[in-house]
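Given next are the chains, with one letter for each unit.
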Amino acid sequence: LAVGQVRVCRVPQQRQAAEFADILTCVAEESRGPVRRTCMAFVGGLTKAFQKEECIKGLRMFFDEVYPDLCTEVLRLPNIVTTELMPTLKVVLEEGELSALKPSLFDAVGYHAP
């Protein structure tokens, strides 16, 4: 339902990467685990509302620009990325698309995309 509402908003392509990164940042800051995991599923669903390449740009923005500083505020962020975000991304992105996140993803959390 929420993803459908985002699709109806027709977010301009030039805004999609930044919006994706901002939404992911808000989700990562959520301290309540069940709420955060539900929101991670929403983030995954955004790959159906936004153009996938814009979502990948947004992920790169998140890992390159936001993640390092956010780790000082959200101490569990590396664990959250590994246990919540990555499984979601593996469902909605192809292997090649995950690989496109290198080196941002590896630099951030030490994850080797296939």
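What counts, and where the lines are drawn
Residues numbered from 1 in each chain as written. Predicted model: local features only at pLDDT ≥ 70, side-chain atom pairs only at ≥ 80, totals over all residues. Heavy atoms only, no water. Helix = DSSP H or I, 4+ residues; strand = E, 2+ residues; numbered from the N terminus. Rg over C-alpha atoms; globule rule 2.2 N^0.38 Å. Buried < 20%, exposed > 50% of the residue type's maximum accessible area, 1.4 Å probe, protein only. Contact = heavy atoms within 4.5 Å. Areas by Shrake-Rupley, 256 points an atom, 1.4 Å probe, with all protein chains shown as cover. Lys, Arg positive; Asp, Glu negative; His and termini not counted. Charge placed at Lys NZ, Arg CZ, Asp CG, Glu CD. Salt bridge = Lys/Arg side-chain N within 4 Å of Asp/Glu carboxyl O. Phe/Tyr/Trp six-rings, centres within 6.5 Å; stacked < 30°, edge-to-face > 60°.

Undergrad: Can you walk me through the overall build of the protein in this structure?
TA: For the protein, the count of helices and strands is seven helices and zero strands. Along the protein, helices and strands appear, N-terminal first, in the series α-α-α-α-α-α-α. For 114 residues, the compact-globule estimate of 2.2 N^0.38 gives 13 Å, and the C-alpha radius of gyration of the protein, at 13 Å, lies within 12% of that figure. Considered along the principal axes of its C-alpha atoms, the protein spans approximately 35 × 30 × 25 Å. Split into buried and exposed, the 114 residues of the protein put 44% on the buried side. A sequence separation of at least 24 residues applies to 67% of the contacts in the protein between residues at least 6 apart. A total of about 6,200 Å² of accessible surface is found on the protein, and carbon and sulfur atoms cover 56% of it. Charge separation in the protein, taken as the distance between the mean sites of 13 positive and 15 negative side-chain charges, equals 7 Å.

Undergrad: Help me out: how do you make sense of the pattern of salt bridges in this one?
TA: Side chains that differ in charge, positive against negative, can pair when their charged atoms come close. As enumerated under the stated definition, the model contains six salt bridges in all. Across the pair Arg36 and Glu84 runs a salt bridge whose closest N-O atoms are separated by 2.8 Å. Highlighted residues: Arg36 in helix α3 (residues 33-49) and Glu84 in helix α5 (residues 77-92), separated in sequence by 48 residues. The buried category is assigned to Glu84, whose relative accessible area is 9%. A salt bridge links Glu84 to Arg37; the nearest nitrogen and oxygen atoms lie 3.6 Å apart. You can see Glu84 sitting in helix α5 and its partner Arg37 sitting in helix α3, a full 47 residues away along the chain.

Undergrad: Before we go on, may I ask you to explain the environment of Lys90 in this structure?
TA: Following the sequence through the fold, Lys90 ends up in helix α5. The spacing of Lys90 and Leu59 is 31 residues in sequence and 13 Å in space, taken between C-alpha atoms.

Undergrad: Where do I start with unusual backbone geometry in this structure?
TA: For residues that are not glycine, phi is negative in most cases, and the peptide bond is trans in most cases. Phi at Arg10 takes a positive value of approximately 50°, unusual for a residue other than glycine. Judged by relative accessible area, which is 72%, Arg10 ranks as exposed.

Undergrad: Mind showing me how you'd approach the packing of aromatic side chains here?
TA: Pairs of aromatic rings are described using the distance from one ring centre to the other and the angle between the two planes. Counted according to the given criterion, the structure contains three aromatic pairs. Aromatic pair Phe62 and Phe63: ring centres 5.2 Å apart, planes at 75°, arrangement edge-to-face. Just as Phe62 is buried, Phe63 falls in that class too. Seen from their ring centres, Phe62 and Tyr67 are 6.2 Å apart, and the 70° between their planes marks the pair as edge-to-face. Phe62 sits in the buried class, given a relative accessible area of 1%. Overall, the relative accessible area of 4% leaves Tyr67 in the buried class. Taken together through their ring pairs, the aromatic side chains of Phe62, Phe63 and Tyr67 make up a single cluster.

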